[in-house]
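If you want the building blocks of each chain, they are given just below.
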Amino acid sequence: MIMSEVKKSMYDISWKVTEPEYRKGNGLSYSTIARFHREGFGKLGSLFDRIDNPSLVFGSMVDTLITGSQEEFDSTFLVAEFPSVVDSQVNVIKYLFEKYSDEYQSILDIPDDSIIMAANILEFQSRWKSETRVKAIKENGIEYYNLLYLSIGKILVSTQEYKNAAECVKILKECSTTDFYFSPVNPFENNIEKLFQLKFKGTYEGIELRCMADEVIVNHDTKTVTPIDLKTSFKQEWNFPESFIKWCYWIQAQLYWYIIRQNMDADPLYKDYDLENYKFIVISNGTRIPLIWDYPDTKASATCYYGKDNQIECKNWREIVKDLHYYLTIKPNVPKGIKETNNIIDWIK
C-alpha cells in the first residue's frame, strides 16, 4: 500500500497492540457482552471462561490465513495427521490431558479410576463395562494424547481441517463476490487502504470498551470507511440470518461501529469520513458459496425489533453493557429488581 504524504493511514488512529496484548487488555468486548446477553446473570461466574469448539477453531484458521502471515499461523496452530479417533473419545482424551498432563506424560499411566471418572462426566459409552471403556480410551488415545503434548501453547488441527480452511481462503480471494475485499491493493492506487485486525479502544458512560475488526477498507477519494467481519459457518451461507440472531451479531456490528466512529471523531482527518454500515462476509465449509450480508441498522442506538410480528428483540448493546458493568462492579447476589418477596405475575409480564 502506498500512501501519499497528505493522507494518514487509519492504522495511525488504531490501538497499536499485538493480538495477545489485546486479549489481555481492559475493556468489555463483543464476545463478553453477547455471552452475558445470551446466558444471563446466572452464568456471570463463567463469563470469561475460554470457549473452544471446532467451529471457532475453523473460523480462527480462516481468519489467520486470510489476514495474517504463515508465520502467524504457524505460531498459533500445529497441523498434524490425526489418528483415527471418534469425537466422543477425543473429548475424553482432551479432558484427561487438561487434568493430568502435568502428572502423566502418557495416557497409559493415568489410573483407571480417573479415566472412568472422565468417561462418566462426558457420558462416554455409559453402557459398556468399565474395563472396556478404559481399554478403548487408552488404546485409541495414545497417539492423540502425545500430539496434545507436542501442541502445548498451540491449537492442534488435523491436516484435513487445514486443507479445508485453506480452500475456503482460496475461494474468498478468487470468487467474484468477495475478491475485492481480500485481494491485494493495487500499488499504484494510493486512495485505497485495506487493513486487517485493527484494534480500537472506546468508552461509553465511563465504561471501557474494545474491539478488533477483521477488516476496514478506507477510500480516501470518497472519504468512506467500510467495516467488514468475516464469518465461517457450518450452516449454508444463505441461512446466516439465523446465526445473526442466535449469536447476537447485531451487538458486534453496532458496538464495533460505535468504537471505530469514536476514534474517527477524535481525529482531525477521519472525523470528516463516513463510516458505513457493517458488512458480514460469510462462507460455509460445506457449500463454499461466499455471500455478503449488509446490516442496515448498524448505526442504531436503541433496541431493534424484527420478524413478521416484531417478535425478535435485538437489545442494543448500550443497555446490556450498563447492566454487565453494574454486575461486574457491584457483584450482587441476585439480579436487578429481585427482592426478598416478588410478584410472579409482574415478572411473567
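Summary of the structure given here. Predicted, not measured: the structure shown is a model, and the values here were computed from it.

## Notes on the overall build of the chain
Link 1 in the chain: Across its full length, the chain carries 13 helices and 10 strands.
Link 2 in the chain: Referenced to the eigenvectors of the C-alpha coordinate spread, the extents of the chain come out at roughly 70 × 65 × 40 Å.
Link 3 in the chain: Long-range pairs, those at least 24 residues apart, make up 67% of the contacts in the chain between residues at least 6 apart in sequence.
Link 4 in the chain: Carbon and sulfur atoms make up 50% of the accessible area of the chain, which totals about 19400 Å².
Link 5 in the chain: Of note, the chain has its 41 positive side-chain charges centred 4 Å away from the centre of its 50 negative side-chain charges.

## Quick word on the side chain of Gln-254
Link 1 in the chain: Checked against the element boundaries, Gln-254 lands in helix α11 (residues 249–265).
Link 2 in the chain: Of the polar contacts made by the side chain of Gln-254, one reaches the side chain of Asn-316; its length is 3.2 Å.
Link 3 in the chain: Not counting residues up to four positions away in its chain, the partners in contact with Gln-254 are Tyr-295, Asp-297, Thr-298, Ala-300, Cys-304, Asn-316 and Trp-317.

## A look at the environment of Gly-27
Link 1 in the chain: Counting through the fold element by element, Gly-27 comes out in the loop between α1 (19–24) and α2 (30–39).
Link 2 in the chain: Expressed as a C-alpha distance, the spacing of Gly-27 and Thr-203, which sit 176 residues apart in the sequence, is 8.3 Å.
Link 3 in the chain: Discounting chain neighbours no more than four positions away, the residues touching Gly-27 are Glu-208, Leu-209 and Arg-210.

## Some details on helix α6 (residues 112–121)
Link 1 in the chain: Within the span of α6, buried status applies to Ser-114, Ile-115, Ile-116, Ala-118 and Ala-119.
Link 2 in the chain: In this fold, the buried residues of α6 make contact with α5 (87–100) and α7 (130–150).

## Looking at a nonpolar patch on the surface
Link 1 in the chain: A contiguous nonpolar surface patch, about 250 Å² in accessible area, is contributed by Met-117, Ile-121 and Leu-122.
Link 2 in the chain: Assignment of secondary structure puts Met-117 in helix α6.

## Thoughts on the pairing of strand β3 (residues 192–204)
Link 1 in the chain: Taken across its 13 residues, β3 has 10 buried, putting it largely inside the fold.
Link 2 in the chain: Relative to strand β4 (residues 207–219), β3 runs antiparallel, the two being bridged by 12 bridges. Bridge pairing in β4 links Thr-203 to Glu-208.
Link 3 in the chain: Where β3 hands over to β4, the hairpin turn is made up of two residues, of which Glu-205 adopts a positive phi near 50°.

## What to know about the packing of aromatic side chains
Link 1 in the chain: Tallying each qualifying case throughout the model produces 28 aromatic pairs.
Link 2 in the chain: Taking the centre distance of 4.8 Å and the plane angle of 50° together, the rings of Tyr-270 and Tyr-273 count as tilted.
Link 3 in the chain: A network of ring pairs unites the aromatic residues Tyr-30, Phe-240, Phe-244, Tyr-249, Tyr-256, Tyr-278, Phe-280, Trp-293 and Tyr-295 as a single cluster.
Link 4 in the chain: Lying across the ring of Tyr-22, Arg-210 places its NZ or CZ 4.8 Å from the centre.

## Topic: the environment of Asp-221
Link 1 in the chain: Along the chain, Asp-221 turns up in the loop between β4 and β5 (224–233).
Link 2 in the chain: Along the sequence, Asp-221 and Asn-190 sit 31 residues apart, while their C-alpha atoms lie 9.5 Å from each other.
Link 3 in the chain: Excluding its chain neighbours within four sequence positions, the residues that come into contact with Asp-221 are Lys-7 and Asn-191.
Link 4 in the chain: For Asp-221, the side chain forms a polar contact with the side chain of Asn-191, separated by 3.1 Å.

What counts, and at which threshold
Residues numbered from 1 in each chain as written. Predicted model: local features only at pLDDT ≥ 70, side-chain atom pairs only at ≥ 80, totals over all residues. Heavy atoms only, no water. Helix = DSSP H or I, 4+ residues; strand = E, 2+ residues; numbered from the N terminus. Contact = heavy atoms within 4.5 Å. Areas by Shrake-Rupley, 256 points an atom, 1.4 Å probe, with all protein chains shown as cover. Lys, Arg positive; Asp, Glu negative; His and termini not counted. Charge placed at Lys NZ, Arg CZ, Asp CG, Glu CD. Polar contact = N/O pair within 3.5 Å; in protein donor to acceptor, adjacent residues only side chain to side chain. Buried < 20%, exposed > 50% of the residue type's maximum accessible area, 1.4 Å probe, protein only. Patch = residues over 30% accessible without salt bridge, like charges linked within 9 Å, V, L, I, M, F, W, Y side chains within 5 Å. Salt bridge = Lys/Arg side-chain N within 4 Å of Asp/Glu carboxyl O. Pairing = 2+ DSSP bridges. Phe/Tyr/Trp six-rings, centres within 6.5 Å; stacked < 30°, edge-to-face > 60°. Lys NZ or Arg CZ within 6 Å of the ring centre and 35° of its normal.

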